[in-house]
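Notes for the structure review
Listed below are the residues making up each chain.
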Amino acid sequence: MKLQDELPVDHKLVTVWRIGAGLGGVFLIVFGSLGLADHPSFLDTRGDEIGGLSTNGALAILSIVVGAILVLGAVIGGNFASNLNMVVGVLFVLSGFYGLAVLGRSDANILNFRMSNVLFAFLFGIVITTFGMYGRVSSHLPHDNPFWRERIKREEPLPSGPKTFVKIMNPNPGRTHPVGH
């Protein structure tokens, strides 16, 4: 049995996953479109700034592509949107680490990352990942949540019977001292 088969189409979690993917995708598409509007060169390391974030042609096109994928995930919805949010979020966090590694190196900084881009990548990655994980990884899931039902099937039942108090007199039976002492 797969969890995606258990999740009803109209479950309230689907709305959260779709909103996260849709808003993130629209933001990236707008950022990429504004970045392309200035006609920057493809791998320019002195590109323009859009909303405090530096950009070049490569970053603008990559932003539009990733944004379109997120919007597609919002349209499809369901577990696909959740999984897509988590994958894209992790990729953004990794791109933040990439940006940290290439700051100040114009030969390797092909996406024209500045510190503001690095901070944005970390923040956006965490937010998108949180949207994808919403309702899937909490310890207090409601009982109508299919992920809770799947977890409860795997748990072993607790022992039943009357409550008793057990006093452990010798918790470590056998020799407790090393040889020779």
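Our subject in this report is the structure included herewith. Here the structure is a predicted model, which is why all the values come from computation and not from measurement.

In this section: helix α3 (residues 57-76). Its 20 residues place the ends of α3 29 Å apart at the C-alpha level, agreeing with the 28 Å of an ideal helix rising 1.5 Å per residue. Along α3, the residues classified as buried are Gly57, Ala58, Leu59, Ala60, Ser63, Gly67, Leu70, Gly73 and Ala74. The N-terminus of α3 is capped by asparagine 56, whose side-chain oxygen sits 3.3 Å from the backbone nitrogen of alanine 58. One or two residues past the end of α3 sits glycine 77, with phi positive at roughly 75°.

The subject of this paragraph is a nonpolar patch on the surface. The grouping of Val87, Val90, Leu91, Leu94, Phe97, Leu100, Met115 and Leu119 at the surface amounts to a nonpolar patch, some 760 Å² of accessible area in total. If you tally residues by element for the nonpolar patch, the top one is helix α4 (residues 78-102), at six residues. Here valine 90 shows up in helix α4.

Following the criterion strictly, the structure yields one salt bridge and no others. A salt bridge links arginine 105 to aspartate 107, with the shortest nitrogen-to-oxygen separation between them at 3.8 Å.

Right, let's get into unusual backbone geometry. A positive phi angle, close to 55°, is found at asparagine 112, a residue other than glycine. Structurally, asparagine 112 can be placed in the loop between α4 and α5 (115-133).

Moving on, we come to the nonpolar core. The biggest cluster of nonpolar side chains holds ten residues, and these are Ala21, Leu28, Leu70, Ala74, Leu84, Val88, Phe92, Ala121, Phe124 and Ile128. For this core, the elements supplying multiple residues, two or more each, are α2 (12-37), α3, α4 and α5. Beyond its immediate chain neighbours, meaning those up to four positions away, alanine 121 contacts Phe92, Val93, Ser95 and Gly96. In terms of nonpolar packing, the next biggest core, distinct from the first, is built from nine residues, Ile50, Leu53, Leu59 and Phe113 among them.

Because the α-helix completes a turn every 3.6 residues, residues three or four places apart line up on one side. Between its terminal C-alpha atoms α5 stretches 27 Å, which fits the 27 Å expected from 19 residues at 1.5 Å a residue. Residues of α5 that are buried include every one of Asn117, Val118, Ala121, Phe122, Phe124, Gly125, Ile128, Thr129 and Gly132, and no others.

The subject of this paragraph is the packing of α3 against α4. α4 packs onto α3 with a crossing angle of 155° between their chain directions and a minimal axis gap of 7 Å. Judged by the angle between their axes, α3 and α4 are roughly antiparallel. Our pair here, α3 against α4, has a crossing hand that is left-handed. Along the contact surface, α3 presents Val66, Ile69, Leu70, Gly73 and Ile76, while α4 presents Gly78, Phe80, Ala81, Leu84, Asn85, Val88 and Phe92. Residues that form the contact of α3 with α4 fall into these classes: nine nonpolar, three polar and no charged.

Look at α4 against α5: their axes get within 7 Å of each other, and the N-to-C directions meet at 160°. Looking at the two axes, α4 sits roughly antiparallel to α5. Classified by chirality, the crossing of α5 by α4 is left-handed. Counted by class, the contact of α4 with α5 contains 17 nonpolar, nine polar and no charged residues.

Under the defined criterion, the tally for this structure stands at seven aromatic pairs. Seen in terms of ring centroids, tyrosine 98 and phenylalanine 113 are 5.8 Å apart; in terms of plane orientation they differ by 75°. Their pairing is edge-to-face. Separated by 15 residues along the polypeptide, tyrosine 98 in helix α4 and phenylalanine 113 in the loop between α4 and α5 bring together distant segments of the chain. For phenylalanine 113, a relative accessible area of 6% puts it in the buried group. What links up through ring pairs into an aromatic cluster is the set Phe27, Phe92, Phe120 and Phe124.

Calculation notes
- Residues numbered from 1 in each chain as written.
- Predicted model: local features only at pLDDT ≥ 70, side-chain atom pairs only at ≥ 80, totals over all residues.
- Heavy atoms only, no water.
- Helix = DSSP H or I, 4+ residues; strand = E, 2+ residues; numbered from the N terminus.
- Expected span 1.5 Å × (residues − 1).
- Buried < 20%, exposed > 50% of the residue type's maximum accessible area, 1.4 Å probe, protein only.
- Polar contact = N/O pair within 3.5 Å; in protein donor to acceptor, adjacent residues only side chain to side chain.
- Patch = residues over 30% accessible without salt bridge, like charges linked within 9 Å, V, L, I, M, F, W, Y side chains within 5 Å.
- Areas by Shrake-Rupley, 256 points an atom, 1.4 Å probe, with all protein chains shown as cover.
- Salt bridge = Lys/Arg side-chain N within 4 Å of Asp/Glu carboxyl O.
- Core = buried A, V, L, I, M, F, W, Y, C linked by side-chain atoms within 4.5 Å.
- Contact = heavy atoms within 4.5 Å.
- Axes fitted to C-alpha atoms, helices over the stretch in contact; angles between N-to-C directions.
- Parallel < 35°, antiparallel > 145°, perpendicular 65-115°, else oblique.
- Left-handed = near helix turned anticlockwise from the far one by under 90°.
- Nonpolar A, V, L, I, M, F, W, Y, C, P; charged D, E, K, R; others polar.
- Phe/Tyr/Trp six-rings, centres within 6.5 Å; stacked < 30°, edge-to-face > 60°.

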